[in-house]
Amino acid sequence: MLADALLLQLGYNATLVTLGAALLGIAAGVAGTFLFLRKRALVSDAISHATLPGVGIAFILMVAMGGDGRSLFGLLIGASVSAAIGLLCVHWLTKRTRLGEDAAIGAVLSVFFGFGIVILTVIQTMNAGRQAGLEGFLLGSTAGMLRSDALLLAVAAAAVLVLVLVLRRPLELAAFDPGYAEAAGWSLNRIDLSMMGIVLVVTVVGLKIVGLILIVALLIVPAVTARFWTDRSDQVVVIAGIVGGVSGYVGAATSALAPALPTGPIIVLVGFALFLVSLLLSPGRGVLASVLTHWRYQRRVHMRQGLLALAQGQPIYEALTRRLMHRAGLILPDGVATADGQAAAAKALLDETRWSIVRADQSFASAATRYDGLTAIEEYLTPDQVREIDRRIAAPQAAV
Amino acid sequence: MGAEFVALSLPPILIGICVAVACALPGNFLLLRRQALIGDAISHVVLPGIVVAFLVTGLVATGPMLLGAAAAAVIAVIAIEAIRRLGRIEAGAAMGVVFTAMFAGGVLLLEQSDTSSVHLDVEHALFGNLESLIWLDATGWASLMDPVALATIPVELPRMALALVVICAFLFLFWRPLSLSTFDEGYAQGLGIAPGPLGLGLVIMSAIAAVAAFDAVGSIIVIAMFICPPAAARMMTNRLGHQVAWSAGFAALAAVLGYVLAGYGPLWIGAGGSVSAAGMIATVSGLILGVAAMAGPHRTRNS
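These figures come from a predicted structure and were not determined experimentally. The numbering scheme is per chain: residues are counted from 1 as the chain's sequence reads. The lettering of chains begins at A and the numbering of ligands begins at 1, in the order of writing. Totals for whole chains, interfaces and linings use all residues, but because this is a predicted model, local features are given only for residues with pLDDT of at least 70 and pairs of side-chain atoms are given and counted only at 80 or more. Water and hydrogen atoms play no part in the side-chain values, which are based on all heavy atoms of the structure.

**Observations regarding a nonpolar patch on the surface**
Residue and element names in this part refer to chain A. For clarity, the threshold we go by: Exposure above 30% relative accessible area and the lack of any salt bridge qualify a residue for a patch; like charges then connect within 9 Å, and the nonpolar side chains Val, Leu, Ile, Met, Phe, Trp and Tyr within 5 Å. Areas reported here follow the Shrake-Rupley algorithm with a probe of radius 1.4 Å; residue values treat only the protein chains shown as occluding. Salt bridge, as used here: a side-chain nitrogen of Lys or Arg that lies within 4 Å of a carboxyl oxygen of Asp or Glu. Going along the chain from the N terminus, every DSSP run of H or I of four or more residues is numbered as a helix, and every run of E of two or more is numbered as a strand. Per-residue accessibility, obtained with a 1.4 Å probe over protein chains only, is compared with the maximum for each type, and a residue is labelled buried under 20%, exposed over 50%, and partly exposed between these values.
There is a patch of nonpolar side chains on the surface, built from Trp229, Val277, Leu280, Leu281, Leu288, Leu292 and Trp295 and spanning about 670 Å² of accessible area. Listed by contribution, the elements that provide at least two residues to the nonpolar patch are helix H14 (263-281) and helix H15 (287-311). Structurally, Trp229 is set in the loop between helix H12 (215-227) and helix H13 (233-257). We classify Trp229 as partly exposed; its relative accessible area is 39%.

**Thoughts on the interface of chain A and chain B**
Under the convention used in this document: Contact criterion: two residues are considered in contact whenever any of their non-hydrogen atoms come within 4.5 Å of each other. Classes in brief: Ala, Val, Leu, Ile, Met, Phe, Trp, Tyr, Cys and Pro nonpolar; Asp, Glu, Lys and Arg charged; the others, Gly included, polar.
Facing 55 residues of chain A, the contacting portion of chain B comprises 59 residues. Here chain A is connected to chain B by 0 salt bridges. Looking at the side of chain A that touches chain B, the elements with two or more residues in it are helix H3 (43-49), helix H5 (72-96), helix H6 (101-125), helix H7 (136-139), H12 and H14 of chain A. For the side of chain A that touches chain B, the element with the highest residue contribution is H6(A), accounting for 17 residues. For the side of chain A that touches chain B, the class distribution of residues is 37 nonpolar, 9 polar and 9 charged.

**What to know about the packing of helix H7 (residues 156-173) of chain B against helix H10 (residues 195-217) of chain B**
Residue and element names in this part refer to chain B. For clarity, the threshold we go by: What counts as an axis is a line fitted to C-alpha atoms, over the stretch in contact for a helix, and the angles between N-to-C directions run from 0 to 180 degrees. Oblique is the label for any angle not under 35 degrees, not over 145, and not in the 65 to 115 range, which are roughly parallel, roughly antiparallel and roughly perpendicular in turn. Definitions for this section: a left-handed crossing has its near helix turned counterclockwise from the far helix by less than a right angle. A right-handed crossing has that turn clockwise.
Running from amino to carboxyl end, H7 crosses H10 at an angle of 165°, the nearest separation of the two axes being 10 Å. By the criterion of interaxial angle, the relationship of H7 to H10 is roughly antiparallel. Crossing angle aside, the handedness with which H7 passes H10 is left-handed. From H7, Glu156, Arg159, Met160, Ala163, Val166, Ile167 and Phe170 reach across to H10, where they touch Gly201, Leu202, Met205, Ile208, Ala209, Ala212, Ala213, Asp215 and Ala216.

**Looking at the domain arrangement of chain A**
Spelled out, the test is: For every domain, the bounds stem from an assignment made automatically or drawn from a database.
Considered domain by domain, chain A is made up of domain 1 (2-279) and domain 2 (288-399). For domain 1 of chain A versus domain 2 of chain A, the distance between C-alpha centres works out to 57 Å.

**Regarding unusual backbone geometry**
The phi angle at A:Lys39 is positive, at roughly 55°, despite the residue not being glycine. Take A:Lys39: it is sitting in the loop between helix H2 (12-37) and H3. A positive phi angle is found at B:Arg34, which is not glycine, with a value near 60°. Along the polypeptide, B:Arg34 turns up in the loop between helix H1 (2-32) and helix H2 (36-57). Taking relative accessible area as the criterion, B:Arg34 reaches 54% and is therefore assigned exposed.

Take a look at the structure:
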C-alpha cells in the first residue's frame, strides 16, 4: 500500500495533491531558508494564523452573494487578504511601537486566530454553515478534495516554486550579505517585502494541504535541517528545497492511505524525522560527529601524556592511558615500555622540547600559537626550521 | 438576572479572569526578556502531553493530564535549548521546529487512538469551552455562601485560582531578582543571582499558567493573554510595577468584556446564538493592545 502511494497509484486526485505537496515543499524549503537566515522564521507563524479570519469572512461573503461558500479559490483569496493585514500589523507594531518583533508576532497570531475562531462559531450558526469544512484549514485535509481544487493546488504550488526561483538571486543576497546587497543597489526593504510576499503565498497555498497551525514547520524545518549539512549558501538553499520536497511528497502520499488522518501532521513529522537524522548524523555539526571528535581528542591527550611520562621514566597510573598504550603495543601489561614504546616516547619528548624552543622564540610567534600539546611540530614547520631548532637544542648556550 | 447569572455566567467570567491574569503576570517578564513566544510554544506542546497522559493512564483525570502537560512543557524547553546549542541555531527557529513537531505528534496520536468516548479533541484543545463551565447547583448569590452548593462549582475555578495564587507568590518572592535580571543580566549576576534557575522558574510558572488554563479555555486565549495585556501595559508606563498592574487590569477587562460580548453581542446586533468566548476574549485583548499602541503615552521606543 505504501509503495502504491509513493508511486502515485492511488488515483488522479491523490497524485495531483501529492505532486502539489512536493512542489509546495520545495518552494517552502527555499523560501524558508531566506526567512531563517534573516532570523525571522517565526514571522511565518503570525502570517499563517492570520489567515483564519480571512477564510471565515470569505465564506460568509460568498454565501451572502448566493454561492455555496466553499470555493477554494475564494477562500484562499480571503486568506491572503487577512494574512497581509496581519503581516502589516506585525510590521507596524515592530516599527512604530516599542514592542519587539517576537511580541508583535505573538500578539498578531493569537488575536487574529482568536478572531478567526469567533468567525467560525458565527458560521456554525448560519444555515449554510452546517459543516462548511473550514476546520480542514486548521490541520490540513486533502481527503475527498474536488478535482478542480486538487488541480488548483498543484498549479498554485508550481507557480509559487517558479516565483521563488525567479526571485532567488536578490533574496540570497539579502540573506547572506545584506550590506553588499544594499551597495549593489538593491533596496533591502523591497527585498524583505517580496520575501514576506512569497512566504504569504506559500502559506496560503499550503493552508489546505498542511493547515495553518503547522505550515510554519514546512518553512522552518527544511532550512534548519539543511544548515546541518553545509555552510555554503547556495547549497543550503538546494538542500532545504530537497528536504521540503521530500517531506511534502512522502507526507501527502502517506496520508492518502489514511484519509481520516489530517495531512499536515504527517508532512510535518516526515520533515522532523529528516531533521532528527541530520541532527544526529550530519558530518560537521551532528551530535554523533561531535561525540566522535571529542572521543578522539580525549584519546590523543591520554596517549601523549602517557608517552611523556614514559620518556621521563615516571610510572603511569591512569587506567585508560595504560589500556590505550597497551593496545597500541607501546607498553607491556605491567607498564614497562616496549621497544616501540621507547621510540615513540623519545619522539614525543623531542617534540615537546622542540616546541618549548619555538614557544620561547619571538621569531616563531605565528607557529607558537598552533601549540596544543598534541600535534607534532613537523606539521607546522619546514624540515629546515626543525633542523635549526635541533641545532639550538644541541647547543643551548649558542642560542642565547 | 441573579440566579441565572450566578449559575451560568459567574463561573466562566471568574475562570476567565483568573486565566487572563495568571497568564498576563508572567507574560510581563517574558515580554521584557524577549521570550514572548515561549508562551506560544508551551501552549502548543501541552496537547501531546495531555494525549500521552491519557494513553498511559486510560482516563481523563485532571492529575495525570496536568502532569503530562507539565512534562511536555519541560521537555519542549529542554529540546529547544538542546537544538539551539547543538546545531547553533537561532532560538526562534529551534522553537518552531520543536513545537510544531510535538503538536503534530500530539494530533496524530489523538486521531490514531480511540478517544471518541472521551471529551478530547484538537478543536477543544485550541478553543476550549469556557461557556460550558456552568454551576448547576447555584440558585442565586446566596449559593456563594452555601458549602453544599459550593462543592459543585466547576473544578476549573478553584484550580485556576490556585494557579493564580502560586504565580503571584512566585512573583512576590522573586520580584527583585526577577526584575534585576530582566533589565540588567550582568548586574544581577554580579549580585550573585543565578540567571539559569531563575529563567527556568519563570518558564515553569508560565507552564503552570498555560497548563491550568488549557483545559478550561484552550490554548489560543493562553497565548493571547501571555502577550497582549503585557504589551498593552508596556505602552502605558515605564515602571515595571505599574506595568504589571496595568497588565492585570487589561487582562481582567479583556476577560469580562470578551465573555459578555461573546454571550450577548450577537443578541444585540439581532442575530441568534453566541460566539466562542475564548476567541472573543483574545480579540478584545487585541483591540486593547491596538488602542494602547495608537494612543498609549509610552508607545514609542524613546518615550
